[in-house]
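If you want the building blocks of each chain, they are given just below.
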Amino acid sequence: MTLDPSTSAPKPLHSQCSNKPFADAQALMEMRVSRFSSNVAGALEAMDEEMAADPSYVKPDETAFVSLQDQLLVCKVYETKISVYIKAFKLDEAVHATSVSLFKRFYLHQSIFNHDPRIILITCIFLAAKAENSYIPLSDFLLKVPQSSRPEKEAVWEKELIVADTVGFAFTVQHVHWPLHGLFLDLQTFYATKYPLLDQRKTALNSLARIYARARELSQIATCTDLQLTHWGSQIALGCFLLASTEQGQNARSDFEQYLSFRISWVDTDTLVGLHEKLGQVTDAIKAQKEFEDMAKDANSLVSLKRKEINSKLAGCLNPEFLPDSKLHAKRKKQDEEKKEAKRLKKVQKETDHMNANAIQNPFE
């Protein structure tokens, strides 16, 4: 799915379509506001239909729903949990990045009062493992999920198709890990030229190895931010290296800035300014994400308390169309089954008519 702010853009015909980033954070927020408003309107209509026969029903207004900021907070908390599951399942960083990408792109279009994020989280990891050639049978997969958060297999299968359809069946994700590794290799070549003496080069390469290891850690943090929706993987990789070099010391940062100037010496001034602005956004986002993760771990932090408040409010604004026990859900399910059966019968009739029209006549009759 091409992440373009245009809501009228058709879905891609294959899964090799690149996930083009939004122009900036404002364009991303505009898309989120638009989709969230549509979801609230749809939930209100579903509530009216579900409670139409109840004379005591009072239609709620939009203030009864969780806000977009509430949804972003809840999603952010769940996104930080993905790395915990990845470690438990012994999956690699590619599965982690794809899982977060699927989860973010799903809730770019959907809402937490339509689809339970606990189930969507597990579904996204399961889908990402398949997409990254790390398939785990669903039964084995669910055994490693804590009992309190473990969904039924049928629920995962149902959500799997919904997630795939929502992201336009686009499972190919441009991860930060490959550009990060390529940057590491290119920096080794640059250091070999910059430090001709063996002892100096050895010291510089050892420092570079430590910077790369730290940059990989920072890239894991960056994966849980919105950077992958607004920046290219190469820009995120450069930002991770810049921040890691800064942490290593002034000499390391100076070396990296020299490398950067050497590599992009041919670009115009405006492009150079824009790149440095992008890199600043990457480092700021990583620092903000790290602070958020630290707060989320504290049960008495504002993040944890706010999340409990949101969960209480969420219980009163769930969309009945997606609740398995609701009348509307049963009605929609029956309508879908009738459509599938009508489609099947139409196909059978078409094949029968084709066979009759092309039947070989018996010459002896």
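Residues numbered from 1 in each chain as written. Predicted model: local features only at pLDDT ≥ 70, side-chain atom pairs only at ≥ 80, totals over all residues. Heavy atoms only, no water.

When helices and strands are tallied, the protein chain shows 14 helices and zero strands. Counting from the amino terminus, the protein chain carries its helices and strands in the arrangement α-α-α-α-α-α-α-α-α-α-α-α-α-α. Along the first, second and third principal axes, the C-alpha atoms of the protein chain reach 95 × 75 × 45 Å. Looking at the protein chain as a whole, 42% of its 365 residues are labelled buried. Of all intrachain contacts in the protein chain linking residues separated by at least 6 positions in sequence, the fraction that spans at least 24 positions is 74%. Surface summary for the protein chain: the accessible area is close to 20600 Å², and the carbon and sulfur share equals 55%. The protein chain carries 45 positive and 47 negative side-chain charges, and their two centres are separated by 4 Å. (Helix = DSSP H or I, 4+ residues; strand = E, 2+ residues; numbered from the N terminus. Buried < 20%, exposed > 50% of the residue type's maximum accessible area, 1.4 Å probe, protein only. Contact = heavy atoms within 4.5 Å. Areas by Shrake-Rupley, 256 points an atom, 1.4 Å probe, with all protein chains shown as cover. Lys, Arg positive; Asp, Glu negative; His and termini not counted. Charge placed at Lys NZ, Arg CZ, Asp CG, Glu CD.)

This paragraph deals with helix α3 (residues 93-109). The end-to-end C-alpha distance of α3 is 25 Å, a good match for the 24 Å that 17 residues give at a rise of 1.5 Å each. In terms of burial, α3 is largely enclosed, as 16 of its 17 residues are buried. Capping the start of α3 is the job of one residue whose side-chain oxygen sits 3.2 Å from the backbone nitrogen of A94: D92. (Expected span 1.5 Å × (residues − 1). Polar contact = N/O pair within 3.5 Å; in protein donor to acceptor, adjacent residues only side chain to side chain.)

Turning next to the confidence of the model for the protein chain. For the protein chain, mean pLDDT is 85; residues scoring 70 or higher make up 92% of the total. Here residues 1-17 is modelled with pLDDT under 50, and outside its nearest four sequence neighbours on either side it reaches 35 contacts, counting other chains as well. (pLDDT = per-residue confidence, 0-100.)

By secondary structure assignment, the location of N114 is in the loop between α3 and α4 (117-131). A polar side-chain atom of N114 sits 2.9 Å from a polar atom in the side chain of N319. Setting aside anything within four residues of it in sequence, one finds N114 in contact with N39, N319 and F322.

This paragraph deals with a nonpolar patch on the surface. A surface patch of nonpolar side chains, amounting to about 300 Å² of accessible area, comprises M295, L302 and L305. Along the chain, M295 falls in helix α12 (residues 269-297). (Patch = residues over 30% accessible without salt bridge, like charges linked within 9 Å, V, L, I, M, F, W, Y side chains within 5 Å. Salt bridge = Lys/Arg side-chain N within 4 Å of Asp/Glu carboxyl O.)

A separate point is helix α8 (residues 198-223). Taking 1.5 Å of rise per residue, 26 residues should cover 38 Å, and α8 covers 37 Å from first to last C-alpha, within 8% of that figure. Considered for burial, the residues of α8 that qualify are A204, S207, L208, I211, Y212, A215, L218, S219, I221, A222 and T223. Where α8 is buried, its residues meet α3, α7 (177-194), α9 (227-230), α10 (233-248), α11 (250-263) and α12.

Across all of its chains, the model carries 18 salt bridges by this definition. The salt bridge involving E93 is made with R216; its shortest N-O contact spans 3.0 Å. Note that E93 is positioned in helix α3 and R216 in helix α8, a separation of 123 residues in sequence. Note on E93: relative accessible area 24%, which makes it partly exposed.

What follows concerns the nonpolar core. One finds F65, F89, L91, F103, F113, I125 and F141 to be the most contacted residues of the largest nonpolar core, which totals 49 residues. Elements that contribute at least two residues to this core include exactly α1 (25-50), α2 (68-89), α3, α4, α5 (138-143), α6 (153-166) and α13 (302-314). Formed by 35 residues, the second largest nonpolar core is a distinct cluster that contains L183, L187, L242 and A244. (Core = buried A, V, L, I, M, F, W, Y, C linked by side-chain atoms within 4.5 Å.)

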